[in-house]
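# A structural walkthrough
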Amino acid sequence: MLYREAGDFKSTYPSDNQTFPIRFDRYAYWALIGFAFLVVPFLLTDYWANSIVIPLLIYVIAALGLNILIGYCGQLSLGTGAFMAVGAYATFKLTTAFPWMPIYIVFILAGLVTAAVGVLFGLPSLKIKGFYLAVATLAAQFFLIWLFTRVGWFFNDSATGMISMPERTVFGVLVTGPAASAMAVYMTCLVFVVGMAWLARNLTRGTVGRTWMSIRDMDIAAEIIGVNPLIAKLTAFAVSSFFVGVAGALLFGVYLGAAEAGEAFGINKSFLVLFMVIIGGLGSILGSFLGAAFLIVLPVLLKVFLVDALGWPADLARHLEVMIIGALIVLVLIVEPHGMAALWRTAKEKLRLWPFPH
Amino acid sequence: MTVEQREQVPMLDTQTEGYVTADGRQIGGVVMELKNITLRFGGVVAIKDISFDIRHGEIRAIIGPNGAGKSSMLNVISGFYNPQEGELIYKGYKRPQMRPYKVSRMGIARTFQNIALFEGMSVLDNIMTGRMHHMKAGFLSQAFWWGAAAREEAENREAVEKIIDFLEIQAIRKTPVSRLPYGLKKRVELARALAAEPQILLLDEPMAGMNVEEKEDMSRFILDVNDEFGTTTVLIEHDMGVVMDLSDRVVVMDYGKKIGDGTPEEVMNNQDVIDAYLGVSHD
């Protein structure tokens, strides 16, 4: 009964155009933000933080980035893992070269470095489309990972070939390194997620977003309408890579702490983020959240259920887990090919009518 | 020619006088002149040495049997094809070869024969996309939704709402285009072209596949647009009744050549045109 536009009159275009036009949505959003900032930090245990919450937040950023590229601009990319690696290695190089630099600035700079690399590898998109572009971005995936494992400069010639994150503080609170508290890491990730989701929403609601979507839906018509395809595609690559780069920086900086390019940022990562975007819903900010939640939370829940509740052996549970998740992915895509965001949209339309049938 | 340069160019070629139409509208000077345009695709000659002009404020029709080269002509005007020979004079200046998105910035908007709307976007977003040239907010301003971006969005929304009112599509403004029936899609496409506030509006078969009622609606909109905004309109249409009623002057094409040019009455009585439509052997 709460879920109504009726009686909620909009008298200006900005208010008609806002992110949550329905009052109930707006309250829910602020309640959620308040809960995430004021309640969760105090409830968070190390187990919950490390197995669910932190990876979830980080992958949300990566999924947002890939969704901008695939969902909004229609350019297929399989290089996400490598772009995350660029963010991670940029973080490592920057923070070891300039130890005085505030770590949040380092993360953002790492994102910008990734954006530049993304534009470079996005250049083929001007000539090739669809699956062929996906194959071209695979080149980025393999080349960059090769670069990061072979060229000593990137990992400061460490004997193991790994990069490890030194300890950095924000306002005197340790946020990186193994000694950082779960709360500090959580707050760092949360600030980035909220900020980046806000950026993504702003970019997709205005002219930039419309030029991206016009290229996605019909590129020839878009050009005749007046969209410069060069700028539209390259900005999409830049923004997407920026997001993915920040995600990689956070994954390495505050979550893994130490990483090796081939292992942490292989092609599996590219596919993981791609699945998040497809399952969550292409061209939807909410979808990026839902997709990341699906693929991060579900394995943990399954493990808790199978191993802890049913008492199955851990290795059997792990194999079954993969099969169940695979089956669920197929199921979701059969039930709603446009992803979980579309399911939510349908549910909302039904909610508006509920409890009346018409 | 950049947008800034365009502003300095005089609106019209003042050397040529206009004329007054049968229904008493004053038609101005020449906005666009096509001189000896020839367009080839490999060995196929799509357009052969065609010249005609488009005057300010008139409704100019291009007709001809299938495959006559009408759509190619429109594609030449909108910059999608570059003719091998001939020149295109727009507002008194020769237009160099340029990408279509630049042509559209110079004030030429069009609709397509097969609807080319952005299916994944709402009606409102489609029309707003057409208004792109009027929105200049920088990238950062949009990213932070601060200053120019938010202001422009509201201002241009107002302009778009006027077009929505004009074309009577208020009820569907937030509907995804993919859910609309054919006739409405055609109307939304017209709205998107109008949103750019073009100097020349190109309509490629705006009434193809419509029933009589929809055709009447569309005709009314085309006339109203011309009346109210003074938009110069170039249209391709197969329905002869519509063409003869709407247009001020008609170009007739057949096999890539121009076979007639003049008022609807002149064209209807032209022997070449009658031959082309009724069919005689081409030697």
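The structure presented is a predicted model; accordingly, all values stated were derived computationally and were not measured. Starting afresh in each chain, residues are numbered from 1 along the sequence in its written order. Ligands are numbered from 1 and chains lettered from A, in the order in which they are written. Local features in a predicted model are, by the rule used here, given only for residues with pLDDT of at least 70; side-chain atom pairs are given and counted only at 80 or more, and totals for whole chains, interfaces and linings are based on all residues.

## Considerations on the overall build of chain B
For clarity, the threshold we go by: Every helix listed is a DSSP run of H or I at least four residues long, and every strand listed is a run of E at least two residues long, numbered separately from the N terminus. Every C-beta atom is placed from the backbone, and the number of other C-beta atoms within 10 Å of a residue's own sets its class: buried at 20 or more, exposed at 12 or fewer, partly exposed in between. Distance between backbone-placed C-beta atoms decides contact: two residues are in contact if it is within 7 Å.
The helix and strand tally for chain B stands at 11 helices and 12 strands. Along the first, second and third principal axes, the C-alpha set of chain B runs to 65 × 45 × 45 Å. Taking all 283 residues of chain B together, the buried fraction comes to 43%. Across chain B, the fraction of contacts at a sequence separation of at least 24, relative to all contacts at a separation of at least 6, is 68%.

## Remarks on the overall build of chain A
Helix and strand counts for chain A stand at 15 helices and 4 strands. Its C-alpha atoms put chain A at 70 × 55 × 45 Å along the principal axes. Partitioning the intrachain contacts of chain A with sequence separation of at least 6 by distance along the chain shows that 75% fall at a separation of at least 24.

## Side note on the sheet that holds strand β7 (residues 93-94) of chain B
All names here are of chain B. Quick note on the threshold: When DSSP finds two or more bridges between two strands, those strands count as paired. The axes are straight lines fitted to the C-alpha atoms, using for helices just the contacting stretch, and the angles between their N-to-C directions are given from 0 to 180°.
Reading across the sheet, the 4 strands line up as β4-β3-β6-β7 and stay open at both edges, with antiparallel pairing between neighbours. Both outer strands of the open sheet, β4 (44-55) and β7, are each paired with one neighbouring strand and no more. Together, β3 (30-41) and β4 form the strand contacts of helix α2 (residues 70-77), whose direction differs from that of β4 by roughly 60°.

## What about the sheet that holds strand β8 (residues 108-110) of chain B?
Residues and elements named next belong to chain B. Strand order in this open sheet of 6 strands is β8-β9-β10-β5-β11-β12, and the pairing throughout is mixed. Every interior strand has two partners, whereas the edge strands, β8 and β12 (257-262), have only one. Taken over all neighbouring pairs, the strand axes of this sheet differ in orientation by 20° on average, direction set aside. This element, helix α11 (residues 271-278), spans β11 (249-254) and β12 of the sheet and lies at about 125° to β12.

## Brief notes about the interface of chain B and chain A
The condition is simple: Three classes are used: nonpolar for Ala, Val, Leu, Ile, Met, Phe, Trp, Tyr, Cys and Pro, charged for Asp, Glu, Lys and Arg, and polar for all others, with Gly counted as polar.
Listed as interface residues are 32 residues of chain B and, on the opposing side, 24 residues of chain A. If one sorts the elements of the side of chain B that touches chain A by residue count, helix α6 (residues 148-166) of chain B sits on top with 6 residues. Split by residue class, the side of chain B that touches chain A holds 18 nonpolar, 7 polar and 7 charged.

## Focus: the UniProt feature "transmembrane region" (unreviewed entry) in chain A
Residue and element names in this part refer to chain A. Counted only if it meets this: UniProt positions are given in the numbering used here, feature names are shortened, and annotations may be inferred rather than shown by experiment.
The positions that UniProt labels "transmembrane region" (unreviewed entry) are, in the present scheme, residues 27-44, 56-89, 101-123, 130-149, 169-199, 242-259, 271-302 and 322-344. Note that residues 27-44 is 94% helix and 0% strand, and that its end C-alpha atoms are spaced 24 Å apart. Within residues 271-302, the helical portion is 88% and the strand portion 0%, while the C-alpha atoms at the span's ends are 21 Å from each other.

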